[in-house]
Amino acid sequence: MKVLAIDDQKLVLIPLESKLKEMGYEVITETDAVKGIELYDSLEPDLVIVDINMPTISGLEVVKHIRESKKPDTPIMILSGNTGDEMITKGFELGVNDYMKKPLSLTEVILRTKRLIGTPENVEATTNFKNTIIQQRCVGVVIPCYNEEERLSSKEFTDYIAKHSGYHLCFVNDGSKDNTLQVLKDIQKGKEDFITVYDCEKNGGKAEAVRQGMLYMAKQEDLDYIGFLDADLSTDLEDFDDLVTTIENNANYKIVSGSRISRMGANITKESARKIISMTINYIIRKILKMDFKDTQCGAKIFHKDVIDVSFGKKFVTQWIFDVEIFRRITLHYGLDKAKQMLCEQPLKRWIHADGSKLSMRDSVKIVFQLGQIAVHYRKSKYKK
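Residues numbered from 1 in each chain as written. Predicted model: local features only at pLDDT ≥ 70, side-chain atom pairs only at ≥ 80, totals over all residues. Heavy atoms only, no water.

1. Notes on the overall build of the protein
Phase 1: Helix and strand counts for the protein come out as 15 helices and 16 strands.
Phase 2: Residues classed as buried in the protein amount to 52% of the 385 residues present.
Phase 3: Accessible area for the protein stands at about 17900 Å²; split by element, carbon and sulfur atoms hold 48% of it. (Helix = DSSP H or I, 4+ residues; strand = E, 2+ residues; numbered from the N terminus. Buried < 20%, exposed > 50% of the residue type's maximum accessible area, 1.4 Å probe, protein only. Areas by Shrake-Rupley, 256 points an atom, 1.4 Å probe, with all protein chains shown as cover.)

As structure tokens, this is what we get:
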């Protein structure tokens, strides 16, 4: 039994292909809808699974072609994030057999495939595809790492990408002097489609590690959003996904930044001395940015791809507070009023200060002087020139 799956996002196709093959189906995948039509004509599959929104032609054009082909009764399953009633109606009017809305469980896709075309003979049922989610969007996450051999929680990362097919993690080894690089390669092994290890031979600091990773990931065509996260998972991946949901559901937002605001129902812990310095620094930052940010320095942020170059194209002036530079660049590029509409600060449900943080109390004091550097460097007339 042959299944042809067409979707412009490879991260969606990989787990779908893998699990269908485990069930005994012969699976062919394609990210270009035009080439997908050519494959349909030559292969004559038993089932076609197709997305709607693709850059070359719409999935509905694929449906029309099949219904006008020499094998017009081929079962067709739509797998799309387009949930509008009008689009769903149009799909069924064209003759699709099933319409599934992302995000959804991979289990459901498998069960509906079995309902449409049955199960290949002499294949034992498998259940190891349970709990995997086919996402509506694909997200790249940059994770800077410097001497993280002892702190990296590999299982949390690998478990998450196993359940959330739309995530691609990019670990940036920032010239670590311990065994971090080998640990990262071990995490990546067998998961190269979902994990990248970007190695910087020399230590350039967190700011440059994040910048290099973000620019690298921006070149990956199938990613909708790209963000960064601390390697110690002081903000966990579930909370990070909440930031992604926010930017996905609001077209005005280009950056959503996590905020470690203590409040009822949230688990936010900081060292008391660090908290006092943080409050002082944030007060100065609000004066520089002319925005009422409560927390610019949280290491969890998500960006729309079209602001990556503005945010990360140039090297940062400072090592630790590059987040402030990002917001300052956005303000100078788009104007203060527009920037306020584009930037969203979202309180986190959980943030735990992890032991072994690379930022010492002395570094925290240095930040005050670095803020002065930012104020001078990003003077409006000088920066635009």
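2. Things to note about the packing of helix H3 (residues 59-67) against helix H4 (residues 85-94)
Phase 1: Here H3 crosses H4 at 15°, and the two axes come no closer than 10 Å. Accordingly, the angle class assigned to the pair H3 and H4 is roughly parallel. Read as a crossing pair, H3 and H4 show a hand that is left-handed. Taken together, the residues of H4 that come into contact with H3 (itself represented by Leu 60, Val 63, Lys 64 and Arg 67) are Met 87, Lys 90, Gly 91 and Leu 94.
Phase 2: Of the residues assigned to the contact of H3 with H4, the class counts are 4 nonpolar, 1 polar and 3 charged. (Axes fitted to C-alpha atoms, helices over the stretch in contact; angles between N-to-C directions. Parallel < 35°, antiparallel > 145°, perpendicular 65-115°, else oblique. Left-handed = near helix turned anticlockwise from the far one by under 90°. Contact = heavy atoms within 4.5 Å. Nonpolar A, V, L, I, M, F, W, Y, C, P; charged D, E, K, R; others polar.)

3. What about the pattern of salt bridges?
Pairing is possible between side chains of opposite charge, provided their charged atoms come close.
Phase 1: Throughout the structure, instances matching the rule amount to 20 salt bridges.
Phase 2: For the salt bridge of Lys 102 with Asp 7, the shortest nitrogen-to-oxygen distance reads 2.8 Å. Within this pair, whereas Lys 102 is found in the loop between strand S5 (98-101) and strand S6 (104-105), its partner Asp 7 is found in the loop between strand S1 (2-6) and helix H1 (10-22), the two being separated by 95 residues in sequence. Asp 7 carries the same exposure label as Lys 102, and that label is buried.
Phase 3: One salt bridge connects Lys 19 with Glu 22, and the closest N-O pair in it is separated by 3.6 Å. Taken together, the residues Lys 19 and Glu 22, both in helix H1 and 3 residues apart, mark about one turn of the helix.
Phase 4: By relative accessible area, Lys 19 is classed as buried at 14%.
Phase 5: On the basis of relative accessible area, Glu 22 is assigned to the partly exposed category, the value being 30%.
Phase 6: Members of the salt-bridge network, linked through shared partners, are Asp 98, Glu 108, Arg 112 and Arg 115. (Salt bridge = Lys/Arg side-chain N within 4 Å of Asp/Glu carboxyl O.)

4. Focus on the sheet that holds strand S15 (residues 343-347)
Phase 1: Reading across from one edge, S10-S9-S8-S11-S14-S12-S15 is the order of the 7 strands in this open sheet, with mixed pairing throughout. Because the sheet does not close on itself, it has two edges, and the strands there are strand S10 (195-200) and S15. Going from strand to strand, the sheet's axes swing by 20° on average, the running direction of each strand aside.
Phase 2: Where strand S8 (residues 139-145) lies against strand S9 (residues 167-174), 7 bridges are found, and the strand directions are parallel. Within S9, the position partnered with Val 142 by the bridge is Cys 170.
Phase 3: Sheet strands in contact with helix H8 (residues 206-218) are S8, S9, S10, strand S11 (225-229) and strand S14 (300-304), and its direction is about 155° off that of S8.
Phase 4: Running over the sheet, helix H12 (residues 322-334) touches S11, strand S12 (255-259), S14 and S15 and is turned about 145° from S12. (Pairing = 2+ DSSP bridges.)

5. Some details on the sheet that holds strand S4 (residues 76-80)
Phase 1: Taking strand neighbours across the sheet as the criterion, the 5 strands line up as S2-S1-S3-S4-S5 in an open arrangement whose pairing is parallel. Edge positions in the sheet fall to strand S2 (26-30) and S5, since each has one partner strand and no second. Averaged over all pairs of adjacent strands, the angle between strand axes in this sheet comes to 15°, irrespective of strand direction.
Phase 2: As judged from the 5 bridges shared by S1 and S2, these two strands associate in the parallel manner. When the sheet's bridge partners are listed, Ile 6 is paired in S2 with Glu 30.
Phase 3: Helix-sheet contacts for helix H2 (residues 33-43) involve S1, S2 and strand S3 (47-50), and the interaxial angle to S1 is about 165°.

6. Looking at unusual backbone geometry
Phase 1: Put simply, Lys 102 and Pro 103 share a cis peptide bond, and its omega is -10°.
Phase 2: Take Pro 103: it is sitting in the loop between S5 and S6.
Phase 3: Residues other than glycine seldom take positive phi values, yet Glu 44 does so here, at roughly 50°.
Phase 4: The exposure class of Glu 44 is partly exposed, given its relative accessible area of 32%.

Everything listed here is a matter of coordinates, which is why it stays silent on function.
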